[in-house]
Amino acid sequence: VITIPTARWETAPRPPHLPAPEIILERFRSQALELELPASRRLPHDSVSLVRSFYDFDFGAFAGPGERAILAGQGARDPFDRALGLLREVSVVAVTVPTPDAGPPLERDEDVADVAARVAARVLERNTRFHQDGSVRTLEPRHIGLAATHRVMNTELNARLPGNLRGRLRVDTPERWQGLECPVMIVVHPLSGVTRPSAFDLETGRLCVMASRHRGGLIVVTRDHLADTLDDLIPSAEQAVGRPDVVGRGHAQHRLFWERLQSGGRVVAA
Amino acid sequence: VAGTRSSRDIQHQTVGSSPPRSRQVAQVMNERRDTRLRFEQWARNPSCEANRISAVHGVPMAEVVRREHGQPTMGQSPFALARGQMFEQVLLRNNGLRLRESLIQTGVLPASATGFQDFRLRQNRGPFRTLDEAREATSVFFKNMATATDPGQVPVVVAGAVVCVPGRAMLPEAILVIDVLAVTWVARRPVLVVGEVKTYPDRGGYTDGAELATARAQAGVYVHGLRQVLTELGVADRIAVADRGFLVLSRPGSNRPSIRANEDLRYQVERAARARSLQ
């Protein structure tokens, strides 16, 4: 971790504050042998098109269309059940929470945490099954993961879970979810509650990790200001000369991700 | 914003105390036909009504402030304006020799690149009297470029190209004056690379981020506008416009250029397209 200002290195040929693999690849790209996996083994078929925009290379899905599904039993007609019902047809859905007129709370959003925890509980209450590669199994607490970008929010998520589930579901940051997977993931969108996103907020690495941990279904929970926030934002390319436009790229990727959910009718208002 | 603008911008600055107010306003309104600055002004703060009135109707913000019974305090240093003009003259004199050499050194142009085409106005030491004349000549230039098959037939540096972006309800006449275009070739097809000239010094990682953002936004507007114009001229399949551009800054304490090549403009082009689609 570099704790001093890095502006002086931003335009250096080998910036010491950037990851070494990135610098080495940049310098020796023409000599490097690049091998790409053709498909994602983890993700359901329709999730790949949603996640692919986060990457600079193309790939497909190992799973064929309809080979995986989250099948919830009969439930009520509330928004949580509607969201779970959608997971029969598609692998990614979103649940939005109304944004208060005075603006959303910062970092620790109790309403959003409550919705995410209730969704997790509802998945188990409805005896939900995971259909994968011809086999079907009933989901247990260990098959459900929760993620939020801030530790304080993860603490809130854990606290909002019913007592019998607390500590039995993995709740963690995207950084610690890297390399892991679950049949069902419930995540708090990184821009939920962020009405004026910064370059840090718009960096899509965390959303990319959160949106690519599930083998069966993903439920994204967010405040409903998200679409307006992204529409209203005019990204400004303030990076140092020669550096990539991280803000512009992040904004474009966030918009694409959310627009696809919206246009596909996958957003349910809580 | 002293010291940050090229003479392209200086055409549209709104200060001056000697002419009578009505004449001054008329002059400024005429100069503001170049809608690039208005467009960027609007895009910076689209929700502000005063800003919208100023940008959409081409009314200088100082005039808007007066109408709102305020006292405008804007202005530009004459020294900064002179510096901007001098920097551009140094770059473009002798048929753009210094700029061309710098573009070759930084790999924007190949070593064999030659030729210079000037569409600047007389007030900026160019050959054209009015924006309309320069725009007409620019259109003819693009049409000729579309029929060229050999890089030797096309000048590699183009200064002050003037294009008129197809109109919209909000900005019916969108005239853009593009600081510099570099012409490269890929697979026997000319590719226009947009360059933005700024007088402020290149201080590496310490160069002001907000200033760079404005320069990139302007370059993004040019790329978007050029693509629209080439489509309207029917030559979009023969001439490409690169997603990457270059910045021409000054070296600290001198009028020598510092070229920053390979600037990523993709998302600024998207931003320009979005902003225009909202009009």
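Located above this text is the structure these notes cover.
Per chain, residues are indexed from 1 in the order of the written sequence. Naming scheme: in the order in which they are written, chains are lettered from A and ligands are numbered from 1. Local features in this predicted model are restricted to residues of pLDDT 70 or higher, and side-chain atom pairs are both shown and tallied only at a pLDDT of 80 or more, whereas totals for entire chains, interfaces and linings draw on every residue. Side-chain numbers here rest on the full set of heavy atoms in the structure, without hydrogens or water.

Undergrad: Sorry if this is basic, but what is going on with unusual backbone geometry here?
TA: Among all residues except glycine, the phi angle is most often negative; among peptide bonds, the trans geometry is most common. One non-glycine residue, Asn127(A), lies in positive phi territory at about 50°. Accessibility expressed as a relative area gives 53% for Asn127(A), which makes it exposed. Despite not being glycine, Asn95(B) has its phi angle at roughly 55°, a positive value. In DSSP terms, a helix is any run of H or I states spanning at least four residues, a strand is any run of E spanning at least two, and both are numbered starting from the N terminus. Take Asn95(B): it is sitting in helix H6 (residues 78-105). Burial classes follow relative accessibility: with a 1.4 Å probe on protein chains only, a residue under 20% of its type's maximum area counts as buried, one over 50% as exposed, and anything between as partly exposed.

Undergrad: It is not clear to me how the interface of chain A and chain B should be interpreted in this structure. Could you clarify?
TA: Think of interface size as the accessible area that goes away when the parts come together; that is how it is often given. If you look at the interface, chain A gives 22 residues, while chain B gives 21 residues. By convention, the term buried area covers the 1.4 Å-probe accessible surface removed from two parts as they join, with the contributions of both added. Carbon and sulfur atoms make up 53% of the surface buried where chain A meets chain B, a total of about 1700 Å² over both sides. Looking at the side of chain A facing chain B, the largest losses of area belong to Ile234(A), Ala237(A) and Val241(A), adding up to 31% of the total buried there. Salt bridges are defined as contacts in which a side-chain nitrogen from Lys or Arg sits within 4 Å of a carboxyl oxygen from Asp or Glu. In this structure, the connection of chain A to chain B is made through 0 salt bridges. Any pair of nitrogen or oxygen atoms within 3.5 Å is treated as a polar contact; in protein, a donor-acceptor pairing is required on top of that, and neighbouring residues in sequence qualify only through side-chain atoms on both sides. Linking chain A with chain B are 5 residue pairs in polar contact (both at pLDDT 80 or more), by the criterion used here. Contributing elements (two or more residues each) for the side of chain A that touches chain B: helix H9 (226-232) and helix H10 (246-263) of chain A. The element contributing the most residues to the side of chain A that touches chain B is H10(A), with 5 residues. Basically, the charged four are Asp, Glu, Lys and Arg, the nonpolar ten are Ala, Val, Leu, Ile, Met, Phe, Trp, Tyr, Cys and Pro, and anything else, Gly included, counts as polar. When the residues that make up the side of chain A that touches chain B are grouped by side-chain class, the tally is 9 nonpolar, 6 polar and 7 charged. In this analysis, two residues are considered to be in contact whenever any of their non-hydrogen atoms come within 4.5 Å of each other.

Undergrad: Can you walk me through the side chain of His254(A) in this structure?
TA: Residues and elements named next belong to chain A. Topologically, His254 is positioned in helix H10. The exposure class of His254 is buried, given its relative accessible area of 1%. If sequence neighbours within four positions are ignored, His254 has contacts with His189, Leu191, Asp201, Leu202, Glu203, Thr204, Leu207 and Leu230.

Undergrad: Please explain the packing of aromatic side chains as it appears in this structure.
TA: Each aromatic ring pair is summarised here by two numbers: the centre-to-centre distance and the angle between the ring planes. The criterion for an aromatic pair is that two Phe, Tyr or Trp rings (for Trp, the six-membered ring) have centres within 6.5 Å, with stacked assigned to planes under 30 degrees apart, edge-to-face to planes over 60 apart and tilted to the rest. Under the counting rule described, the total for this entry stands at 7 aromatic pairs over all chains. Taken together, a centroid distance of 5.4 Å and an interplanar angle of 85° make the contact between Tyr55(A) and Phe59(A) edge-to-face. Ring-pair connections join several aromatic residues into one group, and the members of that group are Phe119(B), Phe128(B), Phe141(B) and Phe142(B). Cation placement over rings: the criterion is NZ of Lys or CZ of Arg within 6 Å of the ring centroid and within 35° of the ring normal. The ring centre of Trp177(A) lies 5.3 Å from the NZ or CZ of Arg170(A), which sits over that ring. A cation sits over an aromatic face here: Arg206(A) above Phe200(A), 4.1 Å from the ring centre.

Undergrad: Got a minute to help me understand the sheet that holds strand S3 (residues 68-71) of chain A in this structure?
TA: By definition, the strands of a sheet pair up through backbone hydrogen bonds, in either a parallel or an antiparallel sense. All names here are of chain A. Here, any two strands with at least 2 DSSP bridges between them count as paired. Taken together, the 3 strands give an open sheet; going across it, the order is S3-S5-S6, and neighbouring strands pair in antiparallel fashion. Edge strands, defined here as strands with exactly one partner in the open sheet, are S3 and strand S6 (135-138). Between one strand axis and the next, the sheet turns by 15° as a mean value, whatever way the strands run. In this analysis an axis means a line fitted to C-alpha atoms, helices contributing only their contacting stretch, and an angle means the value between N-to-C directions, from 0 to 180 degrees.

Undergrad: Would you take a moment to explain the sheet that holds strand S9 (residues 182-188) of chain A for this structure?
TA: All names here are of chain A. Pairing within the open sheet is parallel, and its 6 strands lie in the order S8-S7-S9-S10-S4-S11. The open sheet terminates on both sides in strands that have one partner only, identified here as strand S8 (170-172) and strand S11 (267-269). Between one strand and the next, the sheet's axes are offset by a mean angle of 20°, whatever the strand orientation. Two elements, strand S4 (residues 92-97) and S11, share 3 bridges in a ladder whose sense is parallel. From the neighbouring strand, Thr96 faces S11, where its bridge partner is Ala269. Contacts from helix H3 (residues 79-86) reach S4, strand S10 (214-223) and S11, with the element oriented near 170° to S11. Its contacts with the sheet put helix H4 (residues 110-125) on S4, strand S7 (144-147), S9 and S10, and the angle it makes with S10 is roughly 150°.

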